[in-house]
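# Fold and geometry: a report
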Amino acid sequence: MSDAPQAYAGPERVFSGVQPSGSLHLGNYLGALKKFVDLQEDHDCVYCIVDLHAVTVWQDPADLAQQTRHIAAAFLASGVDPEKAIIYPQSRVAAHTELAWYFNCVARIGWLNRMTQFKDKAGKNSEKMSVGLYDYPVLQAADILAFKATHVPVGEDQKQHLELSRDIAAKFNNDFKAPGFFPLPEPLIKGPGARIMSLRDGTKKMSKSDPSDNSRINLTDSADVIAKKIRKAKTDAGVMPESKDELKDRPEVDNLVGIYAALSGQSAEEVLAEYSGQGFGVFKPALADLAVAKLQPITELMNRYLSDLDEIDRILSAGADAAANIANPIVADVRDVMGFWKG
Ligand code: AQP
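Residues numbered from 1 in each chain as written. Predicted model: local features only at pLDDT ≥ 70, side-chain atom pairs only at ≥ 80, totals over all residues. Heavy atoms only, no water.

## A word on the packing of aromatic side chains
To keep things clear, this is the line we draw: Aromatic pairs are defined between Phe, Tyr and Trp rings, using the six-membered ring for Trp, whenever the two ring centres lie within 6.5 Å; interplanar angles under 30 degrees are classed as stacked, those over 60 as edge-to-face, and all others as tilted. The way it works is that DSSP assigns letters per residue, a run of H or I at least four long becomes a helix, a run of E at least two long becomes a strand, and they are numbered from the N terminus. A simple rule labels every residue: compare its accessible area, found with a 1.4 Å probe on the protein chains alone, to the largest value its type can have, and call it buried under 20%, exposed over 50%, or partly exposed in between.
Tallied over the full model, the rule gives 15 aromatic pairs. Note on F103 and F172: the rings are 6.3 Å apart at their centroids and 70° apart in plane angle, and the pair reads as edge-to-face. Placement of the pair is F103 in helix 4 (residues 95–104) and F172 in helix 8 (residues 159–175), with a sequence separation of 69 residues. Among the residues examined, F103 registers a relative accessible area of 0% and is labelled buried. Residue F172 is classed as buried on the basis of its relative accessible area of 0%.

Written out as structure tokens, the structure is:
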């Protein structure tokens, strides 16, 4: 008999989340939303607006619900279809927080101490950060595993958190002698757009919380603002190179080529073949035109969805019911596996 733990034999399911903590940017779109749309065609998909994650840092109560609707509008405008995928706010499904508590008792402090995103976000102020920000990756594991999700489309920044989810799932299965109870979820990271960097510093990821608005392209930016931000994007004194190898020490140029490739559906090599030897005076306007052509229809649709908040609320409510119908029985099984009193 093999000593290998029994593999998960349940159906495939996709789960991912986006925080309602500010305006979505090009990195969120290319790293996550665009993949959500592709996956809904042939997978069972659950897409969550992770408001419980958002409140790990201060969110103004006057804005939170509207920010949640904004993310829903961005999902819909990007092409996520509520007939094909579940869209809902995390705080409406209590299974997330219940499972997170059980996982808090499975995960080890040493595992969380290794999470680089907490260190990056907390900086020198870790003592002043919320316990929730530190524990965020455990809630993320609960988000995924409350649905027994097998695949998680995310940007590269989430790779370490996904590894933690796998470790928690494996330890739970092992500790409670429940081989194959939880799947070990696979990140879906590959592909263009997995790591979009700041327009001001090619070594830092594009982020909602970057204090410089010029560092990112927001999905709500007008055509003029997008063009201006790309015109101002940091580059160097060189011209467009011939090969990808030559991009290694040019992170800002590498990033712009990556953005062009992800938006146009070409490879970086194809982009370089078209623009090698040209100056940024040629490449940047071409990139701006492309970005405007791809993003403006999304911005316009978002605004149209936001003009009918009742419809967004209806979609979120129906999504929350559908999500609870999947997650509640799974978390009830977890209680059984752990041996809680049933009455
Ligand atoms: N720069 C990026 N490139 C590619 N993918 C990215 N994602 C985020 N930034 C990039 C992916 O977008 C999804 C949703 O992210 P999130 O809003 O839940 O949280 P985040 O990763 O913390 O995004 P931000 O913009 O960096 O927010 P702040 O500044 O608030 O921390 C995830 O799949 C993420 O990988």
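Once you've had a look at it, read on.
## Examining the packing of helix 7 (residues 131–145) against helix 8
To keep things clear, this is the line we draw: Under this scheme, a helix contributes an axis fitted over its contacting stretch, all axes are lines through C-alpha atoms, and angles between N-to-C directions fall in the 0 to 180 degree range. In these notes the angle categories are as follows: under 35 degrees is roughly parallel, over 145 is roughly antiparallel, 65 to 115 is roughly perpendicular, and the rest is oblique. We call a crossing left-handed when the near helix sits turned anticlockwise from the far one by less than a right angle, and right-handed when that turn is clockwise. Residues are treated as being in contact if the distance between any of their heavy atoms lies within 4.5 Å.
Where helix 7 meets helix 8, the axes come as close as 9 Å, and the angle between the chain directions of the two elements is 65°. Between helix 7 and helix 8, the crossing angle belongs to the class labelled roughly perpendicular. For the crossing formed where helix 7 meets helix 8, the hand is right-handed. Together, Y136, P137, V138, Q140, A141, I144 and L145 of helix 7 and H161, L162, L164, S165, I168 and A169 of helix 8 make up the contact between the two elements.

## Thoughts on the pairing of strand 3 (residues 85–89)
For a regular strand, side-chain orientation follows a simple rule: the groups alternate between the two sheet faces. Test applied: Two strands qualify as a pair provided that DSSP identifies no fewer than 2 bridges between them.
Counting buried residues in strand 3 gives five out of five residues, a clear majority hidden from the surface. Judged by which residues are buried, strand 3 turns out to be covered on both faces: A85, I87 and P89 on one side and I86 and Y88 on the other are all buried. Alignment of strand 2 (residues 45–49) against strand 3, held across five bridges, turns out to be parallel. Note on strand 3: the bridge partner recorded for C45 is A85.

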